[in-house]
Amino acid sequence: MKQLFAAFLLAGAALLLAGCEEMLNFNLFSAVDTPQTPSADKIDAMSDSELLDEIEQLMETDTFFADIAENDEIRTALVENLSEIYAGGSDADLEEQQRASLLVAEIELNTTAAGIVVNDFVNVLTEFIEEPPESDGPEELVEALVSQVFSSVTADNFDQTLDALLAAAEAYTFYGESLDDTGEVVAPENVNSGAVAQDAIVAILISEIVDDDQPGLLSVADLRSIVVDGEPFPDDFVIENNPLEENIALVNILDASGLEGFFAE
(Lines give C-alpha, C1' and ligand atoms only; values in the text may rest on other atoms or scores of the structure.)
Protein backbone atom coordinates (compact mmCIF):
# COMPACT_ATOMS: atom_id res chain seq x y z
CA MET A 1 0.00 0.00 0.00
CA LYS A 2 2.40 2.64 -1.26
CA GLN A 3 -0.42 5.20 -1.23
CA LEU A 4 -0.79 4.73 2.50
CA PHE A 5 2.90 5.28 3.17
CA ALA A 6 3.00 8.31 0.90
CA ALA A 7 0.00 9.61 2.78
CA PHE A 8 1.87 9.32 6.05
CA LEU A 9 4.75 11.32 4.62
CA LEU A 10 2.49 14.06 3.32
CA ALA A 11 0.51 14.10 6.52
CA GLY A 12 3.72 14.18 8.48
CA ALA A 13 4.89 17.26 6.65
CA ALA A 14 1.61 19.00 7.40
CA LEU A 15 1.58 17.93 11.02
CA LEU A 16 5.16 19.04 11.52
CA LEU A 17 3.94 22.53 10.71
CA ALA A 18 1.55 22.23 13.62
CA GLY A 19 4.41 21.13 15.86
CA CYS A 20 3.42 20.85 19.48
CA GLU A 21 0.89 23.67 19.37
CA GLU A 22 -1.95 23.52 21.83
CA MET A 23 -5.08 21.75 20.74
CA LEU A 24 -7.34 24.54 21.93
CA ASN A 25 -6.50 28.09 20.89
CA PHE A 26 -7.89 30.02 23.81
CA ASN A 27 -6.44 33.12 25.40
CA LEU A 28 -8.59 33.44 28.46
CA PHE A 29 -6.01 33.70 31.23
CA SER A 30 -4.80 37.25 31.81
CA ALA A 31 -4.90 37.67 35.58
CA VAL A 32 -1.74 38.54 37.47
CA ASP A 33 -2.22 35.80 40.05
CA THR A 34 -2.35 32.19 38.90
CA PRO A 35 -5.83 30.80 39.67
CA GLN A 36 -6.06 27.77 41.89
CA THR A 37 -7.46 24.50 40.58
CA PRO A 38 -10.77 23.92 42.41
CA SER A 39 -11.25 20.98 44.74
CA ALA A 40 -13.00 17.82 43.61
CA ASP A 41 -16.12 18.86 45.55
CA LYS A 42 -16.22 22.24 43.82
CA ILE A 43 -15.72 20.59 40.45
CA ASP A 44 -18.65 18.25 41.14
CA ALA A 45 -20.85 21.24 42.01
CA MET A 46 -20.12 23.24 38.86
CA SER A 47 -22.51 23.53 35.95
CA ASP A 48 -21.33 22.33 32.54
CA SER A 49 -20.57 25.83 31.27
CA GLU A 50 -18.82 26.83 34.50
CA LEU A 51 -16.61 23.75 34.39
CA LEU A 52 -15.66 24.22 30.75
CA ASP A 53 -14.80 27.89 31.23
CA GLU A 54 -12.84 27.14 34.41
CA ILE A 55 -10.73 24.39 32.83
CA GLU A 56 -10.03 26.38 29.68
CA GLN A 57 -8.78 29.24 31.88
CA LEU A 58 -6.62 26.95 33.97
CA MET A 59 -5.08 25.41 30.85
CA GLU A 60 -3.55 28.80 30.12
CA THR A 61 -1.40 28.53 33.25
CA ASP A 62 2.00 26.87 33.40
CA THR A 63 1.28 24.48 36.25
CA PHE A 64 -2.25 23.16 35.68
CA PHE A 65 -1.39 19.79 34.14
CA ALA A 66 1.51 19.19 36.52
CA ASP A 67 -0.71 20.02 39.49
CA ILE A 68 -3.54 17.67 38.58
CA ALA A 69 -1.12 14.92 37.56
CA GLU A 70 -0.10 14.83 41.22
CA ASN A 71 -3.66 14.87 42.56
CA ASP A 72 -5.66 11.80 41.54
CA GLU A 73 -8.83 13.01 43.27
CA ILE A 74 -8.98 16.28 41.33
CA ARG A 75 -7.86 14.69 38.06
CA THR A 76 -10.53 12.00 38.36
CA ALA A 77 -13.21 14.57 39.18
CA LEU A 78 -12.26 16.62 36.13
CA VAL A 79 -12.23 13.68 33.73
CA GLU A 80 -15.47 12.19 35.07
CA ASN A 81 -17.39 15.46 35.01
CA LEU A 82 -16.12 16.44 31.58
CA SER A 83 -16.90 12.95 30.25
CA GLU A 84 -20.46 13.22 31.51
CA ILE A 85 -20.91 16.36 29.42
CA TYR A 86 -20.31 14.53 26.16
CA ALA A 87 -21.04 10.91 26.99
CA GLY A 88 -23.36 10.84 29.98
CA GLY A 89 -26.71 12.03 28.70
CA SER A 90 -25.98 15.68 29.50
CA ASP A 91 -28.25 18.47 28.27
CA ALA A 92 -25.17 20.33 27.00
CA ASP A 93 -25.28 21.58 23.44
CA LEU A 94 -23.00 20.15 20.75
CA GLU A 95 -20.40 22.88 21.08
CA GLU A 96 -20.06 22.24 24.81
CA GLN A 97 -19.87 18.49 24.23
CA GLN A 98 -17.09 18.96 21.70
CA ARG A 99 -15.17 21.24 24.06
CA ALA A 100 -15.53 18.70 26.86
CA SER A 101 -14.29 15.81 24.73
CA LEU A 102 -11.18 17.71 23.65
CA LEU A 103 -10.48 18.75 27.24
CA VAL A 104 -10.65 15.13 28.38
CA ALA A 105 -8.15 14.18 25.68
CA GLU A 106 -5.87 17.06 26.69
CA ILE A 107 -5.94 16.03 30.34
CA GLU A 108 -5.31 12.36 29.56
CA LEU A 109 -2.35 13.14 27.33
CA ASN A 110 -0.77 15.97 29.29
CA THR A 111 -0.84 14.31 32.71
CA THR A 112 0.73 11.01 31.61
CA ALA A 113 3.53 9.71 29.41
CA ALA A 114 0.91 9.42 26.66
CA GLY A 115 1.71 13.02 25.83
CA ILE A 116 5.28 12.04 25.03
CA VAL A 117 4.00 9.20 22.86
CA VAL A 118 1.84 11.44 20.67
CA ASN A 119 4.56 14.08 20.43
CA ASP A 120 7.12 11.47 19.36
CA PHE A 121 4.88 10.68 16.38
CA VAL A 122 6.16 13.84 14.70
CA ASN A 123 9.76 12.81 15.31
CA VAL A 124 9.09 9.39 13.81
CA LEU A 125 7.56 10.92 10.71
CA THR A 126 10.56 13.20 10.34
CA GLU A 127 12.81 10.15 10.28
CA PHE A 128 10.53 8.42 7.78
CA ILE A 129 10.63 11.43 5.49
CA GLU A 130 14.43 11.49 5.63
CA GLU A 131 14.85 7.71 5.29
CA PRO A 132 11.70 5.87 4.12
CA PRO A 133 11.41 2.18 5.05
CA GLU A 134 11.61 -0.39 2.28
CA SER A 135 8.24 -1.97 3.07
CA ASP A 136 5.03 -0.38 1.81
CA GLY A 137 2.58 -2.43 3.89
CA PRO A 138 0.51 -0.89 6.73
CA GLU A 139 1.49 -3.57 9.23
CA GLU A 140 5.18 -2.83 8.82
CA LEU A 141 4.56 0.89 9.08
CA VAL A 142 2.52 0.46 12.26
CA GLU A 143 5.22 -1.76 13.71
CA ALA A 144 7.84 0.90 13.08
CA LEU A 145 5.66 3.61 14.57
CA VAL A 146 4.75 1.65 17.71
CA SER A 147 8.31 0.56 18.38
CA GLN A 148 9.48 4.19 18.29
CA VAL A 149 6.70 6.31 19.76
CA PHE A 150 6.65 4.16 22.90
CA SER A 151 10.40 4.50 23.43
CA SER A 152 9.92 6.48 26.67
CA VAL A 153 7.34 4.09 28.13
CA THR A 154 8.54 1.75 30.85
CA ALA A 155 7.13 -1.16 32.84
CA ASP A 156 6.21 1.29 35.58
CA ASN A 157 4.11 3.62 33.44
CA PHE A 158 2.92 1.28 30.68
CA ASP A 159 -0.55 0.67 32.12
CA GLN A 160 -1.19 4.34 32.84
CA THR A 161 0.05 5.35 29.41
CA LEU A 162 -2.11 2.83 27.56
CA ASP A 163 -5.16 3.70 29.66
CA ALA A 164 -4.66 7.38 28.86
CA LEU A 165 -4.28 6.72 25.13
CA LEU A 166 -7.44 4.61 25.07
CA ALA A 167 -9.37 7.22 27.05
CA ALA A 168 -8.14 9.93 24.70
CA ALA A 169 -9.15 7.77 21.73
CA GLU A 170 -12.66 7.48 23.16
CA ALA A 171 -12.87 11.26 23.55
CA TYR A 172 -11.52 11.84 20.03
CA THR A 173 -13.99 9.30 18.68
CA PHE A 174 -16.89 11.29 20.07
CA TYR A 175 -15.39 14.53 18.80
CA GLY A 176 -14.68 13.16 15.33
CA GLU A 177 -18.08 11.58 14.92
CA SER A 178 -19.72 14.85 16.01
CA LEU A 179 -18.04 16.88 13.28
CA ASP A 180 -20.50 15.82 10.56
CA ASP A 181 -23.60 16.48 12.66
CA THR A 182 -24.99 18.67 9.88
CA GLY A 183 -23.91 16.37 7.05
CA GLU A 184 -20.75 18.39 6.46
CA VAL A 185 -17.51 18.18 8.43
CA VAL A 186 -17.13 21.45 10.31
CA ALA A 187 -14.57 22.03 13.06
CA PRO A 188 -15.49 24.34 15.94
CA GLU A 189 -13.88 27.74 16.19
CA ASN A 190 -10.77 28.08 18.38
CA VAL A 191 -9.70 24.48 17.71
CA ASN A 192 -6.28 23.72 16.26
CA SER A 193 -7.38 20.95 13.91
CA GLY A 194 -3.82 20.06 12.93
CA ALA A 195 -2.82 19.45 16.55
CA VAL A 196 -6.00 17.46 17.14
CA ALA A 197 -5.24 15.31 14.11
CA GLN A 198 -1.68 14.62 15.26
CA ASP A 199 -2.82 13.35 18.65
CA ALA A 200 -5.97 11.61 17.42
CA ILE A 201 -4.09 9.60 14.79
CA VAL A 202 -1.87 8.05 17.45
CA ALA A 203 -4.59 7.52 20.08
CA ILE A 204 -7.19 6.09 17.71
CA LEU A 205 -4.64 3.98 15.85
CA ILE A 206 -3.55 2.37 19.12
CA SER A 207 -7.18 1.77 20.11
CA GLU A 208 -7.78 0.10 16.75
CA ILE A 209 -4.82 -2.29 16.88
CA VAL A 210 -5.05 -3.35 20.55
CA ASP A 211 -7.85 -5.80 21.27
CA ASP A 212 -7.61 -8.83 23.55
CA ASP A 213 -10.48 -10.56 21.76
CA GLN A 214 -9.68 -9.91 18.10
CA PRO A 215 -7.41 -12.46 16.36
CA GLY A 216 -4.62 -10.83 14.38
CA LEU A 217 -4.55 -7.68 16.48
CA LEU A 218 -2.40 -7.08 19.55
CA SER A 219 -3.47 -8.08 23.01
CA VAL A 220 -2.49 -5.79 25.86
CA ALA A 221 0.10 -8.40 26.83
CA ASP A 222 1.46 -8.36 23.27
CA LEU A 223 1.83 -4.60 23.30
CA ARG A 224 3.48 -4.70 26.71
CA SER A 225 6.01 -7.25 25.46
CA ILE A 226 6.77 -5.13 22.40
CA VAL A 227 7.04 -1.84 24.29
CA VAL A 228 8.62 -2.91 27.57
CA ASP A 229 10.62 -5.99 26.61
CA GLY A 230 11.50 -5.15 23.02
CA GLU A 231 9.83 -8.27 21.66
CA PRO A 232 8.85 -8.37 17.95
CA PHE A 233 5.27 -8.09 16.74
CA PRO A 234 3.43 -11.44 16.53
CA ASP A 235 3.78 -13.13 13.16
CA ASP A 236 0.00 -13.13 12.69
CA PHE A 237 -0.41 -9.37 13.24
CA VAL A 238 -2.59 -7.97 10.47
CA ILE A 239 -4.66 -4.83 9.92
CA GLU A 240 -7.89 -5.87 8.22
CA ASN A 241 -9.47 -2.40 8.14
CA ASN A 242 -7.32 0.67 7.67
CA PRO A 243 -8.40 3.14 10.41
CA LEU A 244 -7.15 6.07 8.35
CA GLU A 245 -9.78 5.28 5.76
CA GLU A 246 -12.52 3.44 7.64
CA ASN A 247 -12.67 4.87 11.15
CA ILE A 248 -15.35 7.55 10.70
CA ALA A 249 -14.19 9.68 13.62
CA LEU A 250 -10.59 9.71 12.43
CA VAL A 251 -11.59 10.34 8.83
CA ASN A 252 -13.64 13.35 9.95
CA ILE A 253 -10.78 14.68 12.07
CA LEU A 254 -8.41 14.36 9.12
CA ASP A 255 -11.00 16.05 6.91
CA ALA A 256 -11.28 18.96 9.35
CA SER A 257 -7.49 19.34 9.32
CA GLY A 258 -7.31 19.23 5.53
CA LEU A 259 -5.50 15.89 5.40
CA GLU A 260 -8.26 13.58 4.22
CA GLY A 261 -7.13 13.52 0.59
CA PHE A 262 -3.72 12.15 1.53
CA PHE A 263 -5.22 8.87 2.72
CA ALA A 264 -7.26 7.95 -0.35
CA GLU A 265 -6.48 4.69 -2.08
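Predicted model, so just to flag it, every value in this text is computed and none were measured.

Is there a simple way to explain the packing of aromatic side chains in this structure?
Aromatic ring pairs: the centre-centre distance and the angle between the two ring planes describe each pair. The final tally for this structure, using the stated rule, is 3 aromatic pairs. For the ring pair Tyr86 and Phe174, a centre distance of 5.1 Å and an interplane angle of 45° mean the geometry is tilted. In this pair, Tyr86 is assigned in helix 5 (residues 72-87) and Phe174 in helix 9 (residues 158-178), connecting sequence segments 88 residues apart.

Where do I start with the nonpolar core in this structure?
Most often, soluble globular proteins keep nonpolar side chains buried together rather than apart. By size, the foremost hydrophobic cluster in this structure holds 70 residues, and its most contacted members are Leu78, Leu82, Val146, Phe150, Tyr172, Ile206 and Ile209. Of the residues forming this core, the biggest block, 10 residues, is contributed by helix 10 (residues 193-209). Excluding its chain neighbours within four sequence positions, the residues that come into contact with Ile209 are Val142, Val146, Leu217, Leu218 and Phe237.

How do you make sense of a negative patch on the surface when you look at a structure like this?
Negative charge collects at one region of the surface, where Asp41, Asp44, Glu73, Glu80 and Glu84 lie side by side. Mapped onto the negative patch, the elements with two or more residues apiece are helix 2 (40-45) and helix 5. No other element matches the 3 residues that helix 5 contributes to the negative patch. Along the chain, Asp44 falls in helix 2.

Is there a simple way to think about the layout of surface pockets in this case?
Rolling a probe over the atoms, with the probe sized like a water molecule, indicates the empty space that remains. Considering only enclosed or pocket space, the second largest pocket measures out at about 190 Å³ in volume. Looking at the second largest pocket, it is lined by 14 residues, and the ones nearest its centre are Glu208, Leu217, Ile239, Glu240 and Asn241. Listing elements by their share of the lining of the second largest pocket, those giving two or more residues are helix 10 and helix 12 (243-246). A per-class count over the lining of the second largest pocket returns 6 nonpolar, 5 polar and 3 charged.

Sorry, what's going on with the packing of helix 9 against helix 13 (residues 248-257) here?
Helix-helix packing is characterised by the crossing angle of the two axes and by the distance between the axes. Where helix 9 contacts helix 13, the two axes come as close as 7 Å, and the packing angle between them is 65°. Helix-helix and strand crossings are classified by hand; for helix 9 and helix 13 the assignment is left-handed. Contact residues: Tyr172, Thr173, Tyr175, Gly176 and Glu177 in helix 9; Ala249, Asn252 and Ile253 in helix 13. Considering only residue class, the contact of helix 9 with helix 13 consists of 4 nonpolar, 3 polar and 1 charged.

Whenever I open this one, the packing of helix 5 against helix 6 (residues 94-110) confuses me. Can you help?
Taken N-terminus to C-terminus, the directions of helix 5 and helix 6 make an angle of 150°; their axes are 8 Å apart at the nearest point. In terms of orientation, helix 5 lies roughly antiparallel with respect to helix 6. Handedness of the helix 5/helix 6 crossing: left-handed. Every residue of helix 6 that contacts helix 5 at Arg75, Leu78, Val79, Leu82, Ser83, Ile85 and Tyr86 is listed here: Glu96, Gln97, Ala100, Ser101, Leu103, Val104, Ile107 and Glu108. In terms of residue class, the contact of helix 5 with helix 6 is built from 9 nonpolar, 3 polar and 3 charged.

Got a minute to help me understand helix 9 in this structure?
Turn by turn, an α-helix covers 3.6 residues, leaving residues three or four places apart pointing in a common direction. In this model helix 9 runs 30 Å from its N-terminal to its C-terminal C-alpha over 21 residues, within 8% of the 30 Å that 1.5 Å per residue would give. What helix 9 keeps buried is the set Phe158, Thr161, Leu162, Ala164, Leu165, Ala168, Ala169, Ala171, Tyr172, Tyr175, Gly176 and Ser178.

Looking at this structure, how should I read the side chain of Arg75?
Summarising the element assignment, Arg75 is placed in helix 5. The class for Arg75 is buried, based on a relative accessible area of 15%. Among the polar contacts listed, one links the side chain of Arg75 to the side chain of Glu108, at a separation of 2.8 Å. In this view, Arg75 contacts Ile68, Ile107, Glu108, Thr111 and Thr112; residues no more than four positions away in its chain are not counted.

Here is what the cut-offs are and how they apply
Each chain carries its own residue numbering, running from 1 in the direction its sequence is written. Where totals are concerned, whole chains, interfaces and linings use all residues; where local detail is concerned, this predicted model gives features only for residues with pLDDT of at least 70, and gives and counts side-chain atom pairs only at 80 or more. The side-chain quantities take in all heavy atoms of the structure and omit both hydrogens and water. Between 30 and 60 degrees the pair is tilted, below 30 it is stacked and above 60 it is edge-to-face, where a pair is any two Phe, Tyr or Trp rings, Trp via its six-membered ring, whose centres lie within 6.5 Å. Only DSSP runs of H or I with at least four residues qualify as helices, and only runs of E with at least two residues qualify as strands; both kinds are numbered from the N terminus onward. Residues enter a nonpolar core if they are buried and are Ala, Val, Leu, Ile, Met, Phe, Trp, Tyr or Cys, with the set joined through side-chain atoms within 4.5 Å. Accessibility here uses a 1.4 Å probe with only protein chains present; expressed as a share of the type maximum, an area under 20% marks a residue as buried, one over 50% as exposed, and anything in between as partly exposed. Every residue pair with non-hydrogen atoms within 4.5 Å of one another is taken to be in contact. Two joining distances apply to patches: 9 Å for like charges and 5 Å for nonpolar side chains (Val, Leu, Ile, Met, Phe, Trp, Tyr), and every residue must have over 30% relative accessible area and no salt bridge. The Shrake-Rupley method, run with a 1.4 Å probe, gives the accessible areas here. Residue values count only the displayed protein chains as cover. A carboxyl oxygen of Asp or Glu within 4 Å of a side-chain nitrogen of Lys or Arg is what we treat as a salt bridge. The charge count includes Lys and Arg as positive and Asp and Glu as negative, but it does not include His or the ends of the chains. Charged side chains are reduced to one point each, which is NZ for Lys, CZ for Arg, CG for Asp and CD for Glu. Here a cavity means grid points, on a 1 Å grid over the protein atoms only, where a 1.4 Å probe fits yet cannot get out; a pocket means an open set of points with protein on both sides within 12 Å along at least five of seven lines; lining residues are those with an atom within 4 Å of a point. Grid points are joined across faces, edges and corners, and a volume is the space filled by probe spheres set on the points. Charged means Asp, Glu, Lys or Arg here, nonpolar means Ala, Val, Leu, Ile, Met, Phe, Trp, Tyr, Cys or Pro, and polar covers whatever is left, Gly included. Between N-to-C directions, angles span 0 to 180 degrees; the directions come from axes that are lines fitted to C-alpha atoms, helices contributing only their stretch in contact. With the far helix as reference, a near helix turned anticlockwise by less than a right angle produces a left-handed crossing, and one turned clockwise produces a right-handed crossing. For classification, angles of less than 35 degrees are called roughly parallel, those exceeding 145 degrees roughly antiparallel, those between 65 and 115 degrees roughly perpendicular, and all remaining angles oblique. A helix's residues, less one, multiplied by 1.5 Å, set its expected span. Within 3.5 Å is the distance limit for a polar contact, defined as a pair of N or O atoms, with the added protein rule that one can donate a hydrogen and the other accept it, and that residues adjacent in sequence qualify only through two side-chain atoms.

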